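What follows is the residue order along each chain.
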Amino acid sequence: MLEIVPVPAFSDNYIWMVHDADSGETAVVDPGDAAPPLAEATRRGWTITQVWNTHWHPDHTGGNAAVKAATGAKVSGPAAETIGARDVALAEGDTLRIGSHDGRVIEIPGHTLGHIALVFEDDRIAFVGDTLFAMGCGRLFEGTAQQMHASLQRLVALPEETALYCGHEYTLANARFAAHAEPDNPAIAARLAEVEQMRAEGQVTLPTTVACERATNPFVRASDWQEFARLRAEKDSFR
Ligand code: FE
Ligand code: ZN
């Protein structure tokens, strides 16, 4: 079993730490800042051996060099992007390993052109960066609406119990937009109420699951890329 813990960073990032007790390995996903995961590793007595990046944005890679300098961790990130301190370039179909757990790389362009997800199929876990968020999706900084729509559909084609670990705590704002986009969807209304409660209590709303996103994420539920594009444009200016 992999143990996965969120380390908050900046205003709303989560740096996920993945610990494999059998091998004693620990991976850090998207360390935009080195200090929080290094402190968490010390607190837990974990040794960081790997860094995994989903995309090049500084809030996901800014701590790569310092984590590597402090721990000797091997840094793996998307081949198609410029990733600081990278040792291993990852492309579609490549495999990552922590202990005896294998992760597969899938390319999911849209937020950035080289964005990847790391899918641990046997563990029913995927790290999806800034492509899919709970009840939402990343902005289209580099890719097209067609690409992002296809990338989201790839993610929700994973087994429905798959846990999706996203890069930011955006769930409440996304839930409010989802309730606006689908006012008659009872699953969205129920989840909005639940998320409001969780955030009021300071709880982390992630991970989400494929099944949950299929039921409550308007961007996933869009029937085609044109509807997706309309929703994404509307969300960009939604208050
Ligand atoms: Fe990003
Ligand atoms: Zn980000």
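Preceding this section is the structure that the text describes.
Residues numbered from 1 in each chain as written. Chains lettered and ligands numbered in written order. Predicted model: local features only at pLDDT ≥ 70, side-chain atom pairs only at ≥ 80, totals over all residues. Heavy atoms only, no water.

## Thoughts on the packing of aromatic side chains
Between two aromatic rings, the relevant description is the distance of the centres plus the angle of the planes.
Turning to step 1, where the next piece is worked out: Under the criterion given, the structure shown has 10 aromatic pairs.
Turning to step 2, where the next piece is worked out: A centroid spacing of 4.8 Å and a plane angle of 80 degrees characterise the contact between W16 and Y165, whose relative ring orientation is edge-to-face. You can see W16 sitting in strand β2 (residues 13–20) and its partner Y165 sitting in strand β13 (residues 163–166), a full 149 residues away along the chain. By the burial criterion, W16 is buried, and Y165 matches it.
Turning to step 3, where the next piece is worked out: The rings of Y14, W16, W52, F120, F127 and Y165 are connected pair by pair, giving a single aromatic cluster.
Turning to step 4, where the next piece is worked out: Between the NZ or CZ atom of R44 and the centre of the ring of W46, over which it lies, the distance is 5.0 Å. (Phe/Tyr/Trp six-rings, centres within 6.5 Å; stacked < 30°, edge-to-face > 60°. Helix = DSSP H or I, 4+ residues; strand = E, 2+ residues; numbered from the N terminus. Buried < 20%, exposed > 50% of the residue type's maximum accessible area, 1.4 Å probe, protein only. Lys NZ or Arg CZ within 6 Å of the ring centre and 35° of its normal.)

## A few points about the coordination of the iron ion (ligand 1)
Turning to step 1, where the next piece is worked out: At 2.2 to 2.3 Å from the iron ion (ligand 1) lie its protein donor atoms, namely H55 (NE2), H57 (ND1), H111 (NE2) and D130 (OD).
Turning to step 2, where the next piece is worked out: One chain supplies every donor for the iron ion (ligand 1), spaced along it as H-x1-H-x53-H-x18-D.
Turning to step 3, where the next piece is worked out: A spacing of 3.2 Å is found between the iron ion (ligand 1) and the zinc ion (ligand 2), which share D130 as a donor. Taken together, the residues span a long stretch of sequence, with H57 in the loop between β4 (47–52) and α2 (58–61) and H111 in the loop between β8 (101–107) and β9 (116–120) at a distance of 54 residues.
Turning to step 4, where the next piece is worked out: Classification of H57 as buried rests on a relative accessible area of 10%.
Turning to step 5, where the next piece is worked out: For H111, a relative accessible area of 4% translates into the label buried. (Donors = N, O, S within 2.8 Å, 3.2 Å for Na, K, Ca; no water.)

## Brief notes about the pairing of β9
Turning to step 1, where the next piece is worked out: Most of β9 sits inside the fold, with five of its five residues counted as buried.
Turning to step 2, where the next piece is worked out: Taking every second residue as pointing to the same face, both faces of β9 are buried, with I116, L118 and F120 on one and A117 and V119 on the other.
Turning to step 3, where the next piece is worked out: Direction of pairing for β8 relative to β9: antiparallel, over a ladder of four bridges. Following the sheet pairing, I106 is matched in β9 by A117.
Turning to step 4, where the next piece is worked out: Taken together, the three bridges between β9 and strand β10 (residues 125–129) define a ladder with antiparallel strand orientation. Residue V119 lies in a different strand from β10, and its bridge partner there is A126.
Turning to step 5, where the next piece is worked out: With antiparallel pairing between neighbouring strands as the criterion, β9 and β10 make up a hairpin whose turn holds four residues, including R124 at a positive phi of roughly 60 degrees. (Pairing = 2+ DSSP bridges.)

## Notes on the sheet that holds strand β3 (residues 25–29)
Turning to step 1, where the next piece is worked out: The sheet built from six strands is open, its strands ordered β1-β2-β3-β4-β5-β6 with mixed pairing. The open sheet has two edge strands with one neighbour each: β1 (2–9) and β6 (88–90). Between one strand and the next, the sheet's axes are offset by a mean angle of 25 degrees, whatever the strand orientation.
Turning to step 2, where the next piece is worked out: Where strand β5 (residues 74–78) meets β6, three bridges bridge the pair, whose relative direction is parallel. When the bridges of β6 are listed, G77 appears paired with A89.
Turning to step 3, where the next piece is worked out: On top of the sheet, helix α1 (residues 35–44) reaches β1, β2, β3 and β4; it is set at about 135 degrees to β1, its chief contact. (Axes fitted to C-alpha atoms, helices over the stretch in contact; angles between N-to-C directions. Contact = heavy atoms within 4.5 Å.)

## What about helix α6 (residues 186–200)?
Turning to step 1, where the next piece is worked out: With 15 residues, α6 extends 21 Å between its outermost C-alpha atoms, agreeing within 8% with the 21 Å of an ideal straight helix rising 1.5 Å per residue.
Turning to step 2, where the next piece is worked out: Of all the residues in α6, the buried ones are I188, R191, L192, V195 and M198. Relative to the axis of α6, the buried residues are bounded by an arc of 130 degrees and lie together on one face. Of the exposed residues in α6, the ones pointing more than 90 degrees away from its buried face are P186 and A200.
Turning to step 3, where the next piece is worked out: The opening residue of α6 is N185, an N-cap whose side-chain oxygen sits 2.9 Å from the backbone nitrogen of A187.
Turning to step 4, where the next piece is worked out: G202 occupies a position one or two residues after α6 and carries a positive phi of about 75 degrees. (Expected span 1.5 Å × (residues − 1). Arc of directions from axis to C-beta. Polar contact = N/O pair within 3.5 Å; in protein donor to acceptor, adjacent residues only side chain to side chain.)

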